[in-house]
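Letter by letter, the chains look like this.
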Amino acid sequence: MPRPPMHSPLIAIHLQVNGHSYSESVLPGSSLLSLLRELGWVGVHRACESGDCGACTVLLEGEAIHSCLYPAARLQGQRITTIEGLAKDGEWDPMQARFLAGQGFQCGFCTPGLILSARQLCREGIPSEAQLRDQLRGNLCRCTGYQAILESIQGIPAELPESDLESVGRNIPKQDGPEIVSGQPAYTGDFTPAGLLHLRVLRSPHAHARIRGLDTTSAQALPGVVAVLTHQDSPRQIYSTAGHAEPVPDPLDRFVLDKKVRFVGDVVAAVVAESVAIAEQACELIRVDYEVLPHVLDPLSAMQPGSPILHDEPEARQIYDASRNLAGYVHLQKGDPEQGFAEADLILENTYQLPAVQHAHLEPHVSTSWLAADGSLVVRSSTQVPFHCQRVLSEVFRIPRDRIRVIKGKIGGGFGNKQEILTEPLCALATLKTGRPVQWELTRSEEFTATNSRHAMQIRIKTGVKADGSLVAQEITAYGNAGAYGNHSQTVVFLAGYVPLGLYRCPHKRFEGFAVYTNSMPAGAFRGYGATQGTFAMESQMDEIAHKLGLDPIALRLKNVIRPGDALALGYRDQQQADLKDSHFNLIGSYGLQECFQKIQAAFATPLPPPQGSRRYGRGIAVSMQGSGLSKIHVAGLKLTLLPSGRILMRSGAVDVGTGSDTTLRQIVAQVLGIPLHQIDLIAADTGQTPFDAGSYASATLFISGQASRRAAEALREKLIQAAALRLQTDPERVQFAHGIFSSSQGSLTLAELAEQAADPIEVELHHAADESSLTFAVAGVEVAVDMETGQIELLNSVQAIDLGTAINPRICHGQVTGGTAMGIGYALSEELIQDEQGQILNPGFRYYRIPTAKDVPPMRVHLIQQPDPYGPFGAKGVGEITTNCTAPAIANAVFQATGIRFRQLPLTPERVWTALQLQQGNWVDTPHA
């Protein structure tokens, strides 16, 4: 909606919201969404502002509308109901109750809109599942894969097996469920300190340029503008936005504000103003004198002599070779690949092209900063890494860490993009300059053009194999497009080779990986973290080998896949990289991979349907592995305290990104202490109140923070028993502790009584780092129908089996699998960031960048293969990332079975498939498909 001039006359309106009457004055063009949030109804969420996602849905006179599109000026007495107004007299609305019963949410950012939409759809009865999938296309969810949402609406929550333990292995509801379904303030943008200023930035229209001059006079003169910030106001301190633990492995190549821009959308200057509208208008008044430089968008071209050099700043550090635009380089080897290829009966070599894709979390990046009463800096942010953020702010502004507090607000999805420290430094700079609270919330267009993407990659695989299917040589070369800044690129490229090569037994292996700077939007961390790209290439390659040798695809994989006792040994070219490898040690703990394959085989035991008209059918599989956290590096802290009330206060630095870890970590503590979960209070992810935790990434939270929780609970239990024994005048060995009661032959004591009698607080604090990282395995199978006339692919069935050790909370694990599968479906079929020759992204919004809707996702069957792992808490392993890896190659392999065409480039859009079909049929001769 266009922004009106600031001098536009205000329009008087009247409205009722959830029974409350308001008389307001609004600017022409302002939306109902903005008005409702200004009035405090923050359960209405801002996600797209284009009517494409449904997060802002409200009821207007009983009809569901997208409030981001509805002009506030139209309101003259209408009644509006938001999520906050559904519950009556302390009773949940029936649809709220259904979502609670079915746990139809994860991060919860989409949930208010979904509940209101579903409530209207079900006014005259519950539609069929097919009708629901079609009618919910206007409500996007990036977390759940829609399955739990559909089951909740229909009132048929999935029946999942539970353990016989009191807490661990039970389907305990997510503890933030009531908060989510009622729209209570929780997300970072829901909190607005008094005197809040708003920040907006001017972004570069050029892919590569130096800033020769800036004229901010007109912007500073605009009424309501408090400050205009340029590189002259920013400390010249280099850092990386990648949220990694020390020692930071990433290139240090970023400034808060710089005098050079390196991609279309890079920050030029910032305006701090009394309102968002004023800040945006002021940005348009800034005049910039650019020296436009040559730019390069292709990684292979960027490596060549004579290409524009992106990072020539003298302060940059830890760049592998800036003169060749190499942000990072990896070389791994085992054995002698040349010897292996000489011994092979078949050599297959292919190149695979993987696109840049966006995380598309519905909650945008948002940070709010202010100065506490003692002058210390406070930042509330939607971040996966609050402690790393605290460190970066300390280094950039040279403020002691104990004078900076970072609070993680509730996160509306992250998937790795919020492992980047993007909005916090500039927001903090604005507060330090103005002395006032400042909030910076990115727009949806900025999310698509100025944050990060999954790395686009070109991966070349050469495989040597014996006639019986035994692998004898594997060689992978990967070129990852780092974009304008290095971020996570070297470690992402590392996993693109390490995971697929490590998955299969082979005496001779080599990997060479290049992370290359280009003048594109930066690439960063994204669920799967390089393993997703590498898995697509390897699993497509393995499927083709099976076809050429006439072998069953599952049998070929079972013949070669690693087994217990195998070492994941890939040699490094120098000691520095050898040290890196040792610190990320993976091993096989529990091993349920063969059972995973059995589940997929059983699911597709029936014959394929015969061709029907223009439709052809196919099935495909893929397998992957992923480590559980970063051993020896990822540290998690926990503090447990017995409160005077007898309750337990749990302070954890771990970050719940919607995955339910705030619930599962409490389940672990509750199990050890033998108390109900609701007796545990939680303070999480606040650098001022909780112990250090590296954050939510690398599938580490359950495996490492969970083990910290278990160890701390065991230590507290021992302390409690010792204290109770002292009060009961007996030996600790004679005290039984269960259900919150200590008992012995001398009498009994409750937790509350023990707390009352304790002279000092009874508490435990510890930190945990794993010595090893257990591997989680997954196998996926899909069935597709391909329309040979249109190229349209329809997913008919999806089955995934996950070897996850112990499922601490089966329902939460199930949701992780369905959500990851849906993300893999988008990667396979529709998602791709498209840029023109000037580096401008052409599809920066949900209308043109298509993530899966409920209609695009098939029914999913999930098998949780539970074999307790010897290294994880109660036998659990990581499950958050691996669920994305297998889906795209399984779909591509199924499409081959249906069409006879190998697709080595994603996504498999109808246009790409149709073009390949025309080539196959001899209708075209000059348009490639792969």
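This one's a predicted model, so the numbers in the text were calculated from it and none came from an experiment.

K.L.:
So what exactly am I meant to see when it comes to the overall build of the protein here?
P.N.:
Looking only at helices and strands, the protein features 25 helices and 33 strands. Relative to the compact-globule value of 30 Å for 930 residues, the protein shows a C-alpha radius of gyration of 28 Å, a close match. Principal-axis analysis of the C-alpha atoms places the extent of the protein at approximately 85 × 75 × 65 Å. The contacts of the protein with a sequence gap of at least 6 include a subset with a gap of at least 24, amounting to 79%. Counting every atom, the protein has about 32600 Å² of accessible surface; 49% of that belongs to carbon and sulfur. If you average the places of the 77 positive and of the 94 negative side-chain charges in the protein, the two averages end up 1 Å apart.

K.L.:
Mind showing me how you'd approach the environment of Leu720 here?
P.N.:
Following the sequence through the fold, Leu720 ends up in helix α20 (residues 701–728). In this structure, Leu720 is in contact with Leu642, Leu673, Phe737, Phe742, Leu751, Leu754 and Ile762, ignoring residues within four places of it in sequence.

K.L.:
Please clarify how the nonpolar core should be interpreted in this entry.
P.N.:
Generally speaking, soluble globular proteins have nonpolar side chains that are buried together. The biggest cluster of nonpolar side chains holds 159 residues, and the ones touching the most others in it are Ile153, Leu593, Phe777, Phe846, Ile891 and Leu908. Every residue in contact with Leu908, bar those within four places of it in the chain, is listed here: Ile793, Ala828, Leu829, Ile891, Ala892, Val895, Phe903 and Val913. Among the nonpolar cores identified, the runner-up in size contains 40 residues, and Ala724, Phe737, Val764 and Leu766 belong to it.

K.L.:
Hey, could you run me through the packing of aromatic side chains in this one?
P.N.:
Two descriptors summarise a pair of aromatic rings, namely the distance from one centre to the other and the angle between the planes of the rings. This structure, assessed with the given rule, holds twelve aromatic pairs. Seen from their ring centres, Tyr329 and Phe514 are 5.1 Å apart, and the 55° between their planes marks the pair as tilted. Linking Tyr329 in strand β12 (residues 326–334) with Phe514 in strand β20 (residues 509–517), this pair joins segments that are 185 residues apart in sequence. Residue Tyr329 is classed as buried on the basis of its relative accessible area of 8%. Centre to centre, the rings of Tyr352 and Phe536 are 6.1 Å apart; their planes meet at 85°, and the pair counts as edge-to-face. Of this pair, Tyr352 sits in strand β13 (residues 346–354) while Phe536 sits in helix α15 (residues 531–549), placing them 184 residues apart in sequence. The side chain of Arg236 reaches across the aromatic face of Phe255, ending 3.7 Å from its centre.

K.L.:
For this particular structure, what's the right way to read the pairing of strand β32 (residues 793–803)?
P.N.:
Two faces make up the sheet, and in a regular strand the side chains alternate between them. Among the eleven residues that make up β32, eight are buried, leaving the element largely enclosed by the rest of the structure. Where strand β31 (residues 773–787) lies against β32, ten bridges are found, and the strand directions are antiparallel. By the bridge assignment, Glu783 is partnered in β32 with Asn797. Once β31 ends, the chain turns through five residues before running back antiparallel as β32, passing Gly791 with a positive phi of about 80°.

Conventions and cut-offs
- Residues numbered from 1 in each chain as written.
- Predicted model: local features only at pLDDT ≥ 70, side-chain atom pairs only at ≥ 80, totals over all residues.
- Heavy atoms only, no water.
- Helix = DSSP H or I, 4+ residues; strand = E, 2+ residues; numbered from the N terminus.
- Rg over C-alpha atoms; globule rule 2.2 N^0.38 Å.
- Contact = heavy atoms within 4.5 Å.
- Areas by Shrake-Rupley, 256 points an atom, 1.4 Å probe, with all protein chains shown as cover.
- Lys, Arg positive; Asp, Glu negative; His and termini not counted.
- Charge placed at Lys NZ, Arg CZ, Asp CG, Glu CD.
- Core = buried A, V, L, I, M, F, W, Y, C linked by side-chain atoms within 4.5 Å.
- Buried < 20%, exposed > 50% of the residue type's maximum accessible area, 1.4 Å probe, protein only.
- Phe/Tyr/Trp six-rings, centres within 6.5 Å; stacked < 30°, edge-to-face > 60°.
- Lys NZ or Arg CZ within 6 Å of the ring centre and 35° of its normal.
- Pairing = 2+ DSSP bridges.

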